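# Tertiary structure, described
Chain by chain, the residues:
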Amino acid sequence: AQRVTQPEKLLSVFKGAPVELKCNYSYSGSPELFWYVQYSRQRLQLLLRHISRESIKGFTADLNKGETSFHLKKPFAQEEDSAMYYCALSEGTGNQFYFGTGTSLTVIP
Amino acid sequence: DGGITQSPKYLFRKEGQNVTLSCEQNLNHDAMYWYRQDPGQGLRLIYYSQIVNDFQKGDIAEGYSVSREKKESFPLTVTSAQKNPTAFYLCASSRRDGSSYNEQFFGPGTRLTVL
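The structure contained in this document is the topic of the report that follows. Starting from 1, residues in each chain are numbered consecutively following that chain's sequence as written. Whichever chain is written first becomes A and whichever ligand is written first becomes 1, with later ones labelled in order. A pLDDT threshold of at least 70 governs which residues receive local features in this predicted model, and a stricter bar of 80 or more applies before side-chain atom pairs are shown or counted, although totals over entire chains, interfaces and linings include all residues. Working from all heavy atoms in the structure, the side-chain values ignore hydrogens and water.

## Notes on the overall build of chain B
This is how it is decided: The helix count covers DSSP runs of H or I at least four residues long, the strand count covers runs of E at least two residues long, and both are numbered beginning at the N terminus. The atom set for the radius of gyration is the C-alpha atoms, and the globule formula is 2.2 Å times the number of residues raised to the power 0.38. Accessible area is worked out with a 1.4 Å probe on protein chains only. A residue is then buried under 20% of its type maximum, exposed over 50%, and partly exposed in between. Contacts are residue-level and defined by heavy atoms, with any inter-residue pair within 4.5 Å sufficient. Only the protein chains shown count as cover for residues, and all accessible areas are computed by the Shrake-Rupley method using a 1.4 Å probe. His residues and chain termini do not enter the charge count, which takes Lys and Arg as positive and Asp and Glu as negative. We put the charge of a Lys on NZ, of an Arg on CZ, of an Asp on CG and of a Glu on CD.
Scanning chain B from terminus to terminus reveals zero helices and eleven strands. Along chain B, from the amino end to the carboxyl end, the secondary structure elements read β-β-β-β-β-β-β-β-β-β-β. On C-alpha atoms alone, chain B measures out to a radius of gyration of 13 Å, which is about the 13 Å that the 2.2 N^0.38 rule sets for 115 residues. Once the C-alpha set of chain B is aligned to its principal axes, its extents read approximately 45 × 30 × 30 Å. Out of the 115 residues belonging to chain B, those deemed buried represent 50%. Considering only residue pairs separated by 6 or more positions, chain B has 53% of its internal contacts joining residues 24 or more positions apart. As displayed, chain B has an accessible area near 5600 Å², and 45% of this comes from carbon and sulfur atoms. Across chain B, the centroid of the 13 positively charged side chains sits 5 Å from that of the 12 negatively charged ones.

## Brief notes about the sheet that holds strand E7 (residues 60-61) of chain A
All names here are of chain A. We apply this condition: Paired strands are those between which DSSP finds at least two bridges.
A sheet is described by the order of its strands in space; here three strands give the open sequence E3-E8-E7, paired in antiparallel fashion. Of all strands in the sheet, those bounded by a partner on one side alone are strand E3 (19-21) and E7. One ladder, built from three bridges, connects E3 with strand E8 (residues 72-74); its direction is antiparallel. In the sheet register, leucine 21 faces E8, and the bridge partner there is leucine 72.

## Describing the state of the cysteines
Applicable threshold: Pairs of cysteine sulfur atoms within 2.5 Å are identified as disulfides in what follows.
Tallied over the full model, the rule gives two disulfides over all chains. The disulfide bridge from cysteine 23 of chain A ends at cysteine 87 of chain A, spanning 2.0 Å between sulfur atoms. Between cysteine 23 of chain A and cysteine 87 of chain A, the S-S dihedral sits near -65°, and the bridge is therefore left-handed. Here the residue cysteine 23 of chain A occupies a position in the loop between E3 and strand E4 (24-25), and cysteine 87 of chain A occupies one in strand E9 (residues 83-90), the gap between them amounting to 64 residues. By relative accessible area, cysteine 23 of chain A is classed as buried at 0%. The exposure class of cysteine 87 of chain A is buried, given its relative accessible area of 0%. Residue pairing for cysteine 23 of chain B: its cysteine sulfur links by disulfide to cysteine 91 of chain B, the two sulfurs lying 1.9 Å apart. Handedness of the cysteine 23 of chain B-cysteine 91 of chain B disulfide follows from its S-S torsion of about -75°: it is left-handed. Remark: cysteine 91 of chain B occurs in strand E9 (residues 87-97) and cysteine 23 of chain B occurs in strand E3 (residues 19-25); sequence separation between them is 68 residues.

## Focus: the sheet that holds E3 of chain B
Residues and elements named next belong to chain B. This is how it is decided: Every axis corresponds to a line fitted to the C-alpha atoms, with the helix fit spanning only the stretch in contact, and the corresponding angles, defined between N-to-C directions, vary from 0 to 180 degrees.
In spatial order, the strands read E1-E3-E8-E7; together these four strands make up an open sheet with antiparallel pairing. Two strands bound the open sheet, and with one partner strand each, they are strand E1 (4-7) and strand E7 (64-66). Each adjacent strand pair in this sheet contributes to an overall mean axis angle of 20°, direction not counted. In this sheet, strand E8 (residues 76-78) lies alongside E7 in antiparallel orientation, the contact comprising three bridges. Bridge pairing links valine 66 to leucine 76 in E8.

## Comments concerning the environment of phenylalanine 97 of chain A
With respect to the helices and strands, phenylalanine 97 of chain A occurs in strand E10 (residues 97-99). Put simply, phenylalanine 97 of chain A and tyrosine 27 of chain A are 70 residues apart on the chain and 12 Å apart in space, counted from C-alpha to C-alpha.

So yeah, pure geometry; function would need other evidence.
The structure is reproduced here in structure tokens:
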């Protein structure tokens with residue numbers, strides 16, 4: 001069963017516009033949610049995790065247990081934000097991580 | 001970058017041959033993971049290991065095998081039984097913090113092509 005769903009494969013926004021990358025999950029327990037990012041020619045790396053409740057590079061994500069969502073948001077997109085973004089879920093014990101299919105974000109100058 | 005390394009970067013294999021992908025980490029992480037990344041399918045877990053000499057199957061383990069004889073190393077063997085082995089393979093590791101595992105650190109990946 002698909003535990004993490006990212007409905008948008010591709011997303012394009014203009015520089016300075018708000019951006020929201022959607023992530024919905026399916027899990028009955030208390031998961032940990034993450035956003036990972038892969039810039040061109042770089043390794044996949046952690047962007048943020050819901051437990052930290054921090055803003056990284058202007059991005060934030062709020063865990064909404066009622067809607068089982070963990071959307072990634074940024075009020076003003078920058079060109080350097082263009083990358084592949086993956087939403088990921090870890091079970092309570094962290095034994096396994098489940099990744100979504102990813103969203104490719106392009107910020108148009 | 002250091003930390004977690006994978007070799008080789010590119011690998012070519014003839015059909016019917018087994019091939020082993022290397023993954024090494026010097027982060028003293030307990031857990032290590034192997035993923036397969038295909039276009040439009042994201043990352044899919046092949047195998048993971050939480051401790052030396054122990055490993056578990058992920059969602060797509062068929063046709064693959066692993067070993068974890070050392071904490072630092074988690075090699076993946078793609079066997080001839082794997083029907084569609086051409087893909088990009090990512091290794092990752094994470095630290096255990098109490099009963100849970102922290103963020104995963106990824107290697108640069110190995111692109112395997114079966115000719």
